[in-house]
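Here is what each chain is made of, one letter per residue.
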Amino acid sequence: MSRHSPSSSYAISGANYVTIGIDFGTTYSGVSWTWSKAPNPDQIEVVHKWEVGNGDARNQGADKVPSKICYNDNGTVAKWGYTVMPKDRNQAQWFKLLLSDAALEKECERVRQTRLLLRKLKKSPVDVAADYLRCLWTHAIEVIEFTLGKITVDNMAFRVVLTVPANWDDTAVELTRKAAVQAGITESRFRGETTLRTVSEPEAAALAAWREAGLQWRPDLQLNDSFVVCDAGGGTVDLISYTVKSLNPLKLEMCVEATGDLCGAVYLDEGFESHIRAVVSANVYDRLDPEVKAKVFEYDWEGSAKRRYNGEPTIEYKVDIPGYRPNRRHPFGRRPTSTIILHGGHVGSIFQPVVGRAVDLVNIQVGAVQDKMNKLPKIVLLVGGFGENNFLLNQLKATFPKVTIQRPMNAWSVISRGAVIKGQSTTAESDTVTNFISGRSYGIMYDSPWDPFQHNRKDKYRCPLKGIDMARNQFKWYLKRGDSVSKMQPVTYSWKMKLRNIRELENVHGTIWVSNNPTPPSRYDSSNAKKLCRIRCNFRSDMFYDLTERQAVDGSKYRELEYVLNMNVAAGELEWVITWRNQQRGRKQISVDYMTR
């Protein structure tokens, strides 16, 4: 289980601060930042100057760094990012996907290899994610200190915003947050507490694209018009749609439930590797030198076919595999070549399943917006590394001829820049996005007075306190899937607890349940809902005698505690507050235990 205390506010004390946005990606990660005294309030810097070791020096200026890390045999970090070379042992990649149960269900070869490595090193997915984020964070701070001066940065507070996929559940988000804390991002500093927030990747992209892609200047995008953000990244493709509710100041309203799936660019890489293995045979491919494989991926696939393919079937792509010699003899007596020719049809067979699923997701989102708003969205914003692929762009244009498909400049780093913009809002009132549409149902389990017309006989029992028949394990859902909730209006849970003695006030707790079903269940069975977290609160012992005293059927006395749990919901984060008789419990009195792996 993972534990943290909820934050009571976005705000951070002190006038001077650095806002840092972290885009922790499956294949590449990036960091952007700004500071409160920047000459231009819209100025956002992207972290570069990556260490490349023996790699390509051109990568020093890239907007992102590979999400790779390798270890010594004792489990200490040896290299990360661009310094990881193909022959390096104990290297982990795609480990972000191990934080999500949904990703584990769709396990691919590289994820399987990473899981085996973690087992060998006796590390959890959170451990590896934390090790990587620590390296990324350390480098980012060094760059910021080099730019502003270390003494200046030491005297500024940090606001950190970490991005997460829109379709991740709360458990995966909590594991990501736990990795960030373990990485040292929230360690205490001289200038006060570092705040850490999370935001969905498409929301971050929307914030940056609105500011940078000129959406505010489009004459055809007016009040009550909608647009779709398609964040096509390395591991996931996520979609969120917004309706424009105000232009000055900009206010956006999430209009339909976010959708997403594991159909990012890494699954193109899987398809390419499977195709090459089939052509040269598994035995030959598995014996190839790791550097040969890496060069095939980097130059012939990543730098050529993957980027150039646009759906044209007549174009050929060459893949040279040094050391490979086909068994068949070449006609006219020429020696067999190590070069494989991929025809457009071959590449299309790799692209079509992955891109087809991405287009299906956009189609579902566009259809949902049309059903809700009675009109098509005006724009589909295509962002993310996979979003720069021309075949995906062309397929979307062909599928949606009446909708503008727009790809902002520098789409690869747009998410970390948007995270910075998110961090500049310090209250729910100042947030650009005003609401959240829930992708799950949230509620509690309780015992209800028995109703033979409503309840299952299996749930019936006799209550020893009240002396009446009750139905155990019933659900009350306070927020249902598809509900829209304002970021300024918390979801309120009213709870009652029966206390036999004063000591029980020291450990008052309740469990929050979640269900992904379109219609949440009314009673529990083993498959229709699961525990999300347990909220614990320590109340003052002297308030015991202020509670209402009641008498059980056996004549014994007990006290009844009634309190309210407020759940503040935003895209990518949950915040919990407990009140009793309008008195809010302090942060030190509340803890949240998430039911993580």
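Conventions we followed
Residues numbered from 1 in each chain as written. Predicted model: local features only at pLDDT ≥ 70, side-chain atom pairs only at ≥ 80, totals over all residues. Heavy atoms only, no water. Helix = DSSP H or I, 4+ residues; strand = E, 2+ residues; numbered from the N terminus. Buried < 20%, exposed > 50% of the residue type's maximum accessible area, 1.4 Å probe, protein only. Contact = heavy atoms within 4.5 Å. Areas by Shrake-Rupley, 256 points an atom, 1.4 Å probe, with all protein chains shown as cover. Lys, Arg positive; Asp, Glu negative; His and termini not counted. Charge placed at Lys NZ, Arg CZ, Asp CG, Glu CD. Salt bridge = Lys/Arg side-chain N within 4 Å of Asp/Glu carboxyl O. 1 Å grid on protein atoms, 1.4 Å probe; cavity = no way out; pocket = protein on both sides within 12 Å on 5 of 7 lines; lining within 4 Å. Points joined across faces, edges and corners; volume = space filled by probe spheres on them. Nonpolar A, V, L, I, M, F, W, Y, C, P; charged D, E, K, R; others polar. Pairing = 2+ DSSP bridges. Axes fitted to C-alpha atoms, helices over the stretch in contact; angles between N-to-C directions. Bend = angle between axes of the 7 residues up to and from the residue. Polar contact = N/O pair within 3.5 Å; in protein donor to acceptor, adjacent residues only side chain to side chain.

1. Digging into the overall build of the protein
And then number 1: For the protein, the count of helices and strands is 12 helices and 31 strands.
And then number 2: The C-alpha extent of the protein, read off along each of the three principal axes, is 105 × 60 × 60 Å.
And then number 3: Residues classed as buried in the protein amount to 52% of the 597 residues present.
And then number 4: For the protein, the proportion of contacts with a sequence separation of at least 24, taken over those separated by at least 6, is 70%.
And then number 5: Total accessible area computed for the protein in this model is approximately 27,300 Å², and 47% of it derives from carbon and sulfur atoms.
And then number 6: Charged side chains in the protein number 81 positive and 66 negative. The centres of these two groups are separated by 2 Å.

2. Remarks on the pattern of salt bridges
And then number 1: Overall, the coordinates contain 29 salt bridges when judged by the stated rule.
And then number 2: In this structure, the salt-bridge partner of Lys-87 is Asp-289, at a minimum N-O distance of 3.4 Å. Pair noted here: Lys-87 is in the loop between strand E7 (77–80) and strand E8 (91–93) and Asp-289 is in the loop between helix H8 (282–287) and helix H9 (290–308), with a separation of 202 residues, a long-range link.
And then number 3: Note on Lys-87: relative accessible area 49%, which makes it partly exposed.
And then number 4: Taking the shortest distance from any N to any O, the salt bridge between Asp-431 and Lys-422 comes out at 3.1 Å.
And then number 5: Asp-431 sits in the buried class, given a relative accessible area of 2%.
And then number 6: Of the residues examined, Lys-422 reaches a relative accessible area of 3% and is grouped as buried.

3. Re empty space enclosed by the protein
And then number 1: Summed over the entire model, instances satisfying the criterion amount to two cavities of 30 Å³ or more.
And then number 2: Each pocket or cavity is described by its volume, and for the second largest cavity that value is around 50 Å³.
And then number 3: For the second largest cavity, the full set of lining residues is Phe-272, Glu-273, Ile-276, Tyr-285, Lys-293, Val-296 and Phe-297.
And then number 4: The residue makeup of the lining of the second largest cavity, split by class, is five nonpolar, no polar and two charged.

4. Considerations on the sheet that holds E7
And then number 1: Spatially, E7-E6-E8 is the arrangement adopted by the three strands of the open sheet, whose pairing is antiparallel. Two strands in the sheet have a free side with no partner beyond their single neighbour: E7 and E8. Between one strand axis and the next, the sheet turns by 25° as a mean value, whatever way the strands run.
And then number 2: Set on the sheet, helix H2 (residues 109–121) makes contact with strand E6 (68–71) and E8; between it and E8 the angle comes to about 135°.
And then number 3: Its contacts with the sheet place helix H3 (residues 125–148) against E6, E7 and E8, and it is angled at close to 110° to E6.

5. Some remarks on H9
And then number 1: A bend of about 45° at Trp-301 is the largest found in H9.
And then number 2: Inspection of H9 places Val-292, Val-296, Phe-297, Asp-300, Trp-301, Ser-304, Ala-305 and Lys-306 among the buried residues, and these make up the whole buried set.
And then number 3: Along its buried surface, H9 packs onto H2, helix H7 (266–280), H8, strand E15 (316–320) and helix H10 (344–373).
And then number 4: For H9, the capping residue at the N-terminal end is Asp-289, with a side-chain oxygen 2.7 Å from the backbone nitrogen of Glu-291.

6. Describing the environment of Gly-384
And then number 1: Along the chain, Gly-384 turns up in the loop between strand E17 (379–383) and helix H11 (390–399).
And then number 2: Gly-384 gets classed as buried once you look at its relative accessible area, which sits at 3%.
And then number 3: Ignoring sequence-local partners within four residues, the contact set of Gly-384 consists of Asp-231, Ala-232 and Ala-411.

7. A short note on the environment of Lys-120
And then number 1: Relative to the helices and strands, Lys-120 resides in helix H2.
And then number 2: A relative accessible area of 47% places Lys-120 in the partly exposed class.
And then number 3: Taking the C-alpha atoms as reference points, Lys-120 and Asp-73, separated by 47 residues in sequence, lie 9.1 Å from one another.
And then number 4: The residues touching Lys-120, leaving out its near neighbours within four places in the chain, are Asp-73, Arg-89 and Asn-90.

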